Amino acid sequence: MSQVTVRINGFSYAVGCKEGQEKHLQAMAQEVERRIDRIRELGGHSGEGRLLALAALLMADEIHDLTAEKMSSDTAHQLAEGRQARIENERRRDQLAHLAEHAENIAAAMEED
């Protein structure tokens, strides 16, 4: 276990992480700081707790949007697969109908002989 000190909103926080994840943790802290800066640009000068809460809400909103996009993409892919399967099933049904008709014709010809 490793410990990293990150700076967010001018405050230092000691945070534990797995060995090798230190740079990732620093990058995540920078993402939080970036959102805090965006809130400040919009005129959100309030206490640390409020800034952190708003930054968390911004990140949650981004995650929600990404999840919705992925679900939409997955749904479109599933619909395309479903259409393809239906087309393939219709093609097989037509082939079976043709084979059944051919077999009936053979049987009828044999009955005539």
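Now for a quick tour of the structure.

Conventions we followed
Residues numbered from 1 in each chain as written. Predicted model: local features only at pLDDT ≥ 70, side-chain atom pairs only at ≥ 80, totals over all residues. Heavy atoms only, no water. Helix = DSSP H or I, 4+ residues; strand = E, 2+ residues; numbered from the N terminus. Rg over C-alpha atoms; globule rule 2.2 N^0.38 Å. Buried < 20%, exposed > 50% of the residue type's maximum accessible area, 1.4 Å probe, protein only. Contact = heavy atoms within 4.5 Å. Pairing = 2+ DSSP bridges. Salt bridge = Lys/Arg side-chain N within 4 Å of Asp/Glu carboxyl O. Expected span 1.5 Å × (residues − 1). Arc of directions from axis to C-beta. Core = buried A, V, L, I, M, F, W, Y, C linked by side-chain atoms within 4.5 Å.

## Focus on the overall build of the protein chain
Here comes step 1: When its secondary structure is counted, the protein chain shows 2 helices and 2 strands.
Here comes step 2: In the protein chain, the succession of helices and strands from N to C terminus is β-β-α-α.
Here comes step 3: Computed over its C-alpha atoms, the radius of gyration of the protein chain comes to 31 Å, more than 25% above the 13 Å expected for a compact globule of 113 residues.
Here comes step 4: With the C-alpha coordinates aligned to their principal axes, the bounding extent of the protein chain is approximately 100 × 40 × 15 Å.
Here comes step 5: With 113 residues in all, the protein chain has 13% of them scored as buried.
Here comes step 6: Taking contacts inside the protein chain between residues at least 6 apart in sequence as the whole, the part at least 24 apart equals 27%.

## Observations concerning the pairing of strand β2 (residues 11–17)
Here comes step 1: In this structure, strand β1 (residues 2–8) lies alongside β2, joined through 7 bridges in antiparallel fashion. By the bridge assignment for β2, V6 is matched with Y13.
Here comes step 2: Counted between consecutive antiparallel strands, the loop separating β1 from β2 contains 2 residues, among which N9 sits at a positive phi close to 55°.

## Some remarks on unusual backbone geometry
Here comes step 1: One non-glycine residue, N9, adopts positive backbone phi at about 55°.
Here comes step 2: Look at N9 and you get buried, because its relative accessible area is 10%.

## As for the pattern of salt bridges
Here comes step 1: In total, this model carries 8 salt bridges according to the counting rule given.
Here comes step 2: E62 is the salt-bridge partner of R35, the closest N and O atoms lying 2.4 Å from each other. Of this pair, R35 sits in helix α1 (residues 22–41) while E62 sits in helix α2 (residues 48–112), and the two are 27 residues apart along the sequence.
Here comes step 3: The exposure class assigned to E62 is partly exposed, which follows from its relative accessible area of 26%.
Here comes step 4: The salt bridge involving R92 is made with E88; its shortest N-O contact spans 3.4 Å.

## Things to note about α1
Here comes step 1: If you check α1, its first and last C-alpha atoms are 29 Å apart, about what 20 residues at 1.5 Å a residue would give, namely 28 Å.
Here comes step 2: Residues of α1 that are buried include every one of L25, A29, V32, R35, I36 and I39, and no others. Looking down the long axis of α1, one finds its buried residues gathered within 115° of arc, a one-sided arrangement. For α1, exposure combined with an orientation more than 90 degrees from the buried face picks out K23, Q30 and E41.
Here comes step 3: For α1, the secondary structure elements touched by its buried residues are β1, β2 and α2.
Here comes step 4: After α1 finishes, the residue G43 shows a positive phi value of roughly 95°.

## Some points on the nonpolar core
Here comes step 1: V4, V6, I8, C17, L25, A29, V32, I36, I39, L51 and A55 form the largest nonpolar core, which has 11 residues in total.
Here comes step 2: Looking at this core, the elements with two or more residues in it are β1, α1 and α2.
Here comes step 3: In terms of residues, this core owes the most to one element, α1, which gives 5 residues.
Here comes step 4: With near-sequence residues (within four places) excluded, I36 lies in contact with I8, N9, L51, L52 and A55.

What is shown is where atoms sit, not what they do.
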